[in-house]
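# Coordinate inspection notes
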Amino acid sequence: MGLPLEDTFVWLTADHGLTYGWDSTPIGVEDHKNPLGILLAPRSYLTEEQESALLYNQQNLVTHYDIHTTFKELARMGAKNPPPEPVRAFNQKNAIPPFGLNILEKISPNRTCAEAGVSPQWCLCSRTAYGSDRKITNALQEAMLNEITRLVEGEELCYDLSTFSQNFPPPRNYRVSDGKYYQATISAVKFKSQIGKGLAFQAWFVYDDKTRTYSVESIGRTTEYGPEKCHPQLHNPNAKEFCACRNTYTFQ
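Here goes a summary of the coordinates provided. (Residues numbered from 1 in each chain as written. Predicted model: local features only at pLDDT ≥ 70, side-chain atom pairs only at ≥ 80, totals over all residues. Heavy atoms only, no water.)

With that out of the way, let us pick up the overall build of the protein chain. Within the protein chain one finds 5 helices and 9 strands. Put simply, the protein chain runs from its N terminus to its C terminus through helices and strands in the order β-α-β-α-α-α-β-α-β-β-β-β-β-β. Split into buried and exposed, the 252 residues of the protein chain put 34% on the buried side. Look at the contacts in the protein chain between residues 6 or more apart in sequence, and 62% of them connect residues 24 or more apart. A total accessible area of about 16,100 Å² is found for the protein chain, and carbon and sulfur atoms account for 53% of it. (Helix = DSSP H or I, 4+ residues; strand = E, 2+ residues; numbered from the N terminus. Buried < 20%, exposed > 50% of the residue type's maximum accessible area, 1.4 Å probe, protein only. Contact = heavy atoms within 4.5 Å. Areas by Shrake-Rupley, 256 points an atom, 1.4 Å probe, with all protein chains shown as cover.)

If you want it as structure tokens, here you go:
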């Protein structure tokens, strides 16, 4: 094609697309944490040390933070007047640690998920187990419905789902990583939808040993949520993912 590929780096990445239930199996859960990542690097552009580092890092923990850092470094190397590297102020509140490493240099095989900026629920090194303790599933259900209610607070066109717990049965089971981080899904039952779409949510929780409570760390809707009749009228556009519109759904 006439492209100067002898000095072009290509990074191929993708999500898993539709899993058709594969991600609910133990192997699928782990595979879901490990998306495609392929780097095509021109040998003519690499030193022997850099090529050796790439081969070495194939079996080490590498993330998209690292690819971003590496591409920034490559851009600096190819620039006649490279811009200075920005300095991060770690003494400032909410400062972001520099998770990214240059993969053209060897990365320690002992690198941890915390050092790489990978949260425990997405860490391949986490110890994962499964459970169905009814006390825990009830607590996860309650925490999830309360969080959804908080996210649509002030939106009168949305249901307060915490008052419809009978329509969102506790999850049948849950996944727990490192004995502390839980994942579960709830789905609506006994309801009618004018747009033929369901209501299901998935969340990650953190268990607090001192208070013996489960707090929602992240949550999302696993069923398609648009367009619903009341969404254009919401004051907070971010609420639409969690809003069950009163003029769209009827709970029995």
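On to the state of the cysteines. Summed over the entire model, instances satisfying the criterion amount to 3 disulfides. The disulfide partner of Cys113 is Cys123, and the gap between their sulfur atoms is 1.9 Å. Torsion about the S-S bond of the Cys113 and Cys123 cystine: about 80°, corresponding to right-handed handedness. Placement of the pair is Cys113 in helix H4 (residues 113-116) and Cys123 in the loop between H4 and strand E3 (128-131), with a sequence separation of 10 residues. (Disulfide = S-S within 2.5 Å.)

Moving on: the nonpolar core. Counting residues in each nonpolar core, the largest one holds 35 residues, and the members touching the most others are Leu161, Phe168, Tyr182, Phe201 and Phe205. Among the secondary structure elements, those contributing two or more residues to this core are helix H5 (134-151), strand E4 (174-177), strand E5 (181-187), strand E7 (200-208), strand E8 (213-221) and strand E9 (249-251). Apart from the residues within four sequence positions on either side, Phe205 is in contact with Leu140, Ala143, Met144, Lys180, Tyr181, Tyr182, Ala184, Tyr214, Ser215, Val216 and Glu217. Counting 8 residues, the second largest nonpolar core, distinct from the first, contains Leu54, Leu74, Leu104 and Ile107. (Core = buried A, V, L, I, M, F, W, Y, C linked by side-chain atoms within 4.5 Å.)

With that out of the way, let us pick up the sheet that holds E5. The strand order across the open sheet formed by 5 strands is E3-E4-E5-E7-E8, and the pairing between neighbours is antiparallel. Edge positions in the sheet fall to E3 and E8, since each of these pairs with one other strand and no more. Taken pair by pair, the neighbouring strands of this sheet meet at an average axis angle of 25°, ignoring direction. Across 7 bridges, the pairing between E5 and E7 is antiparallel. Paired with Gln183 across the two strands is Trp204, which belongs to E7. Packing of H5 onto the sheet brings it into contact with E4, E5, E7 and E8, and relative to E8 it is tilted by some 60°. (Pairing = 2+ DSSP bridges. Axes fitted to C-alpha atoms, helices over the stretch in contact; angles between N-to-C directions.)

The next thing to look at is the packing of aromatic side chains. Inspection of the entire model under this criterion finds 14 aromatic pairs. An angle of 40° between the planes, with centres 5.4 Å apart, marks the rings of Tyr65 and Phe99 as tilted. Here Tyr65 is found in helix H3 (residues 64-78), whereas its partner Phe99 is found in the loop between H3 and H4, with 34 residues between them in sequence. The exposure class of Tyr65 is partly exposed, given its relative accessible area of 43%. (Phe/Tyr/Trp six-rings, centres within 6.5 Å; stacked < 30°, edge-to-face > 60°.)

Within the fold, Thr137 resides in helix H5. Overall, the relative accessible area of 0% leaves Thr137 in the buried class. One polar contact links Thr137 to Arg134, side chain to side chain, over a distance of 2.9 Å. Look past the residues within four positions of Thr137 in its chain and what remains in contact with it is Ser132, Pro170, Pro171, Arg172 and Tyr174. (Polar contact = N/O pair within 3.5 Å; in protein donor to acceptor, adjacent residues only side chain to side chain.)

The next thing to look at is the environment of Thr248. Within the secondary structure layout, Thr248 lies in the loop between E8 and E9. Accessibility expressed as a relative area gives 1% for Thr248, which makes it buried. It is 6.6 Å that separates the C-alpha atoms of Thr248 and Glu228, two residues lying 20 residues apart in sequence. When residues no more than four places from it in sequence are discounted, the contact partners of Thr248 are Lys192, Ser193, Gln194, Ile195, Glu228 and Lys229.

Further remarks concern unusual backbone geometry. Trans peptide bonds make up most of the peptide bonds, and negative phi angles are found at most residues other than glycine. One non-glycine residue, Lys190, adopts positive backbone phi at about 50°. Tracing the backbone through its elements, the reader meets Lys190 in the loop between E5 and strand E6 (191-193). Note on Lys190: relative accessible area 60%, which makes it exposed. Look at Arg212: it is not a glycine, yet its phi comes out positive at around 55°. Looking at Arg212, the relative accessible area reads 67%, which means it is exposed.

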